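Structural overview for review
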Amino acid sequence: MGMRRAGAVMAFATVLLATACGGEDSSATGTASADGPTKVSVTTFGCEIWNTWAEAKGIYAKHGLQVEYVKSFGGSAAVAAVLSGAADFGYVNGFTAINAYNTGFPIQMVSGANVNALPPAEPAQGVFVKKGSSYKSAKDLVGKKIAVNEIGGINQIATSIWLEANGVSTDQVSFVALPYAEQVNAVNGDRVAAAQLGYALLGSGGADLRSLDDPFAALGKVYIATYVASKTFVAQGDTAKRFNDAMVETMKQLEDPANKDESFKLLSECSKVPAETLAAQPQNGLAPKVDFAALNDMAKKLVDLKMISKQPDLEPFVPAFARS
Amino acid sequence: MSRVRGLLRGLVRAAQWLWLLAVLLVVWEVVARQAESLFIPPFSRIVVAFVDNWLSGDPASLFLSDQFWADVLPSLARLAAGYGLACAIGVVVGIVLGVWHQAGAFLNPLIRLGMSVPVTMLLPIAIVFFGITSGMNVSLIALGCLWPILVNTYDGVRGLDTVVTTTALSMRLSRRRYFLSVLLPGASPSIIAGMRISIGIALVLMVISELYAATSGLGFYIVEQQKLFRFPELWSAILLVALLGILFNAAFALLERSALRWHRGAKAGSERAS
Amino acid sequence: MTTVAQPAGPVAQARRPTPTWVLGTAGVVTMFVVWDLLVRSGAVSRDSLPYPGDTLARLAELLTDPLFLGQVVQTLWAWVISMLVASVVAVPLGLALGYFATLYRPASAVVHAARSVPSSAFLPVAILLFGLGTQMKVSLSVYAVFWPILLNAMYGVRDAEPLMLTAGRSMGWGQRRLLTRIVLPSAAPAIATGLRVASSTALIVVLSAELLGATSGVGTVITTYQEAQRPDYVYAGILIVGILGMLIYYGFHFAERLLVPWGHAQRGEGR
């Protein structure tokens, strides 16, 4: 093969690489076109109640946003999506978001979404064990396996804090990562002793499970779900602020008791779970604005758990428009 | 004097092999420091994390840290179990199928089918059958490693030099003699090649089988560090996997060379005899 | 020493043997029968293992579903790109590295070091660098297959008959002629083997990446059905993936026979 042919081949390869790289991941633009709504991509677990409501009621459109959904497995994957440009807004729990920020990743929290259901509301999360099993308290889980959605994720953190509060050291249990559907199967099949997830994610197999306790009750106010975006994205234009405004308006409407039935009906169309089942499930609290003090508390808990070395300065983390 | 010269020659040989690797690592270091990417730290930082994570133990435990014993050992044990199982089954079945042609033709499409399914796809199924135990990891590793060994053993048996086999026939060797003195040595280069490919696959599966539904291990550690955004630690684990791979590869290269020498010797012997 | 196409082993073939394809088909049928019995007898729970009949029905369903076929295209697209990128860079590079002796040894060291790391270990990093789309899958797949292709090209060059090279040189052939007339044809079988092996590996890596977090491709479909707890679809997907792999394997096998027939003559036929 002559040198010239080799050179041509190299050029061809570069072009191929460029096209392969230029691929579909550049759909996230986020910049407003001269007229018409701004296209933004948002990660989702599948169906969130504020998304189904906002879409149906045109709230996103009202704020000049056209939302494209990207399926994500949550947690660090959402942060990854945001950082790599695969999505503009990442749906991620507060702890993982703080962790990522603390490592030095240039992200900001542009909106809250869910906080845990605090008493007197019914607990929306549980540590689930098999109905017929002999587990009664945290102490019974010593030496056992506990299933969570993600290693190092919010479920593991909450469970760890709950265990410590009940006198069990985290070294005495093993955490195993399983997708939510598998968690229920695993508990029913005696492959794990317990699983920590929300009532809403139990599915049909959940009928054979009972909850030991709500691990989030001991935590105080915790942001179970938030939206983050990259710093550069937030800095360009006001798309992030408009997203927050849309969230505020959507959640205000969702809190109105008159809208409850319709909101579950819309959610049911998306998730294919009957609306009555959805309505009967305990609900997490809605919180579009971020309570800075609560966020700092969350960071402190991470320090206590030795997941991060020292309390980070969260000032640059939450832009003004997102704070309550 | 000649010993010193021998040592120098050895060093020169080593440098010949390693200079490119060293150059690339230096380039990595420089580029990473410039780019300041959080995902890909400079190599020096990875080395520091590596020493911290794996080599910070006391002399009693071979300088290997507790982390090493806690995470790497279980993974390696599972690797050994799965790989051993695959070798045993693969060699035996490969020989049987190689000798008994009908059985070979019977199972050939199924084997091709089995080889083409990525074992990762079988992870949820393995969890159903084995639960979240070491058995699950071992079975996945065994299943993934099985095919190259099986196919290569089969090829090795089938590809035996016909001159050798007809000579053996004419000598009316007993089954056992034929097996030990003709079949195995003749097929051994293929078998060992298959085993060498499989150890690489075993390493991959060791990591993958722990990416979820595991409670400990090197793959588990990698996932954990990724979820917690701890990149130097993540890379230190990748480096460890790389070193393990190099180690296994080198071991097999040695094995292959000695088996090949035996084979060549045997072949030369048979040529002289005919 | 010629090797005649005869089966090895001390088994005398007295009567006409059953053709291989008949036996092969019988094998596949037996598998389905055994599968059916396992489920019917209750040896394996119906929730974990569906009936083969159901699975085949779902298989037909999936193969006629344009959405699913679209995902198959996504997987194959990632596969094609990664194979192209890897070969276009690795083959010429391998030829060069094999040819120039000073580079061969150090290059081998680098290659052996790099190929020892399974691409799965880079999955977290790849996701963070490239997101969850085709780019990520391609990057992992290229990493996985680049080294075997490179290595095979290097070995192929090294295996070139030195006698022939000397003969070529004595005839006054320039570098270009030596390369195209002697080195390349002699390296071609090894390169072909490398590509064939790489084709399977690339598919497996792409599928693994899809199973572990990508947003498109057959692997994601299977994951979705896994979450929805529909094992009949899951097993149908697995069968489809297996068939895809088989098609690719046989495709490369026949392409090899066609384009590099001298390779098989060198290795000796008998299978």
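The structure reproduced in this document is the subject of the present report. Just so it is clear, the model here is predicted, and its values are computed rather than measured.

Let's talk about the overall build of chain B
Looking only at helices and strands, chain B features 10 helices and 0 strands. By principal-axis analysis of the C-alpha atoms, chain B measures approximately 70 × 65 × 40 Å. In chain B, buried positions account for 49% of the 274 residues. Looking at chain B alone, contacts between residues at least 24 apart form 70% of all its contacts between residues at least 6 apart. Carbon and sulfur atoms provide 69% of the accessible area of chain B, an area that totals close to 13,300 Å². Here chain B contributes 21 positively and 13 negatively charged side chains, and the mean placements of these two sets differ by 18 Å.

Overview of the sheet that holds strand β6 (residues 145-148) of chain A
Residues and elements named next belong to chain A. Here 5 strands make up an open sheet; going across it, the order is β7-β6-β8-β5-β9 and the pairing mixed. Because the sheet does not close on itself, it has two edges, and the strands there are β7 (174-177) and β9 (209-211). Across the sheet, the mean angle separating the axes of adjacent strands is 35 degrees when strand polarity is ignored. Summarising the sheet, β6 and strand β8 (residues 194-198) pair through 2 bridges and their orientation is parallel. Among the inter-strand pairings, I146 is bridged to a residue of β8, identified as A194.

Describing the interface of chain B and chain C
Counting residues at the interface gives 60 residues for chain B and 60 residues for chain C. The junction of chain B with chain C conceals about 5,400 Å² of combined surface from both sides, 76% of it contributed by carbon and sulfur atoms. The interface formed by chain B and chain C holds 0 salt bridges in total. The interface formed by chain B and chain C contains 3 residue pairs in polar contact (both at pLDDT 80 or more). Every element with two or more residues in the side of chain B that touches chain C is listed here: α1 (2-35), α4 (101-116), α5 (123-130), α6 (134-158), α7 (162-170), α8 (175-208), α9 (218-227) and α10 (231-273) of chain B.

Remarks on the state of the cysteines
With the rule as written, the count across this model stands at 1 disulfide over all chains. Covalently, C47(A) is tied to C270(A) through a disulfide, its sulfur atoms 1.9 Å apart. Judged by the sign of its S-S torsion, about -80 degrees, the cystine formed by C47(A) and C270(A) is left-handed. Residue C47(A) is found in the loop between β1 (38-44) and α2 (49-57), and its partner C270(A) is found in helix α10 (residues 260-271); the two are separated by 223 residues along the sequence. Residue C270(A) is classed as partly exposed on the basis of its relative accessible area of 31%. Among the cysteines around C145(B), which has no disulfide bond, C87(B) carries the closest sulfur, lying 7.6 Å off.

Side note on helix α2 (residues 43-54) of chain B
All names here are of chain B. With 12 residues, α2 extends 16 Å between its outermost C-alpha atoms, agreeing within 8% with the 16 Å of an ideal straight helix rising 1.5 Å per residue. Along α2, the positions that sit buried rather than exposed are F43, I46, A49, F50, N53 and W54. The buried side chains of α2 occupy one side of the element, clustering within an arc of 115 degrees when seen end-on. Exposed and facing more than 90 degrees away from the buried side of α2 are V48 and D52.

Re the side chain of N137(B)
Residues and elements named next belong to chain B. Here N137 is to be found in helix α6. Judged by relative accessible area, which is 3%, N137 ranks as buried. Apart from the residues lying within four places of it in its own chain, the contact partners of N137 are R78, S209 and E210.

So, the pairing of β8(A)
In terms of burial, β8(A) is largely enclosed, as 5 of its 5 residues are buried. By the alternation rule, side chains of β8(A) split into A194(A), Q196(A) and G198(A) and A195(A) and L197(A), which are all buried.

Observations concerning the packing of aromatic side chains
Counted according to the given criterion, the structure contains 26 aromatic pairs over all chains. For the pair Y249(C) and Y250(C), a centre-to-centre distance of 5.3 Å together with 75 degrees between the ring planes defines the contact as edge-to-face. The exposure class assigned to Y249(C) is buried, which follows from its relative accessible area of 16%. Pairwise contacts between aromatic rings join F45(A), W50(A), Y60(A), F89(A), Y91(A), Y227(A), F233(A) and F243(A) into one cluster. The ring of F292(A) carries the charged tip of R323(A) above its face, separated from the ring centre by 4.2 Å. In this arrangement the basic side chain of R58(C) is found over the ring face of Y233(C), its NZ or CZ atom lying 5.6 Å from the centre.

Remarks on the environment of A22(B)
With respect to the helices and strands, A22(B) occurs in helix α1. Taking the C-alpha atoms as reference points, A22(B) and V157(B), separated by 135 residues in sequence, lie 42 Å from one another.

What about helix α12 (residues 292-304) of chain A?
All names here are of chain A. With 13 residues, α12 should cover 18 Å at 1.5 Å per step; its first-to-last C-alpha distance of 19 Å lies within 8% of that length. When we look at burial in α12, the residues that qualify are F292, A294, L295, M298, A299, K301 and L302. Summarising the contacts, the buried residues of α12 are in contact with α5 (94-103), β4 (107-115), α6 (154-165) and β10 (223-230). Residue D291 occupies the N-cap position of α12, its side-chain oxygen lying 3.1 Å from the main-chain nitrogen of A293. Taken from the residues just after α12, K306 is the one with a positive phi, measuring 65 degrees.

Topic: empty space enclosed by the protein
Residues and elements named next belong to chain B. Evaluation of the coordinates by the stated rule reveals 2 cavities of 30 Å³ or more. If you go around the second largest cavity, the residues you meet are V119, T120, L123, L140, L205, I208 and S209. Among the residues forming the lining of the second largest cavity, the class breakdown is 5 nonpolar, 2 polar and no charged.

Calculation notes
- Residues numbered from 1 in each chain as written.
- Chains lettered and ligands numbered in written order.
- Predicted model: local features only at pLDDT ≥ 70, side-chain atom pairs only at ≥ 80, totals over all residues.
- Heavy atoms only, no water.
- Helix = DSSP H or I, 4+ residues; strand = E, 2+ residues; numbered from the N terminus.
- Buried < 20%, exposed > 50% of the residue type's maximum accessible area, 1.4 Å probe, protein only.
- Contact = heavy atoms within 4.5 Å.
- Areas by Shrake-Rupley, 256 points an atom, 1.4 Å probe, with all protein chains shown as cover.
- Lys, Arg positive; Asp, Glu negative; His and termini not counted.
- Charge placed at Lys NZ, Arg CZ, Asp CG, Glu CD.
- Pairing = 2+ DSSP bridges.
- Axes fitted to C-alpha atoms, helices over the stretch in contact; angles between N-to-C directions.
- Buried area = accessible area lost by both parts, 1.4 Å probe.
- Salt bridge = Lys/Arg side-chain N within 4 Å of Asp/Glu carboxyl O.
- Polar contact = N/O pair within 3.5 Å; in protein donor to acceptor, adjacent residues only side chain to side chain.
- Disulfide = S-S within 2.5 Å.
- Expected span 1.5 Å × (residues − 1).
- Arc of directions from axis to C-beta.
- Phe/Tyr/Trp six-rings, centres within 6.5 Å; stacked < 30°, edge-to-face > 60°.
- Lys NZ or Arg CZ within 6 Å of the ring centre and 35° of its normal.
- 1 Å grid on protein atoms, 1.4 Å probe; cavity = no way out; pocket = protein on both sides within 12 Å on 5 of 7 lines; lining within 4 Å.
- Points joined across faces, edges and corners; volume = space filled by probe spheres on them.
- Nonpolar A, V, L, I, M, F, W, Y, C, P; charged D, E, K, R; others polar.

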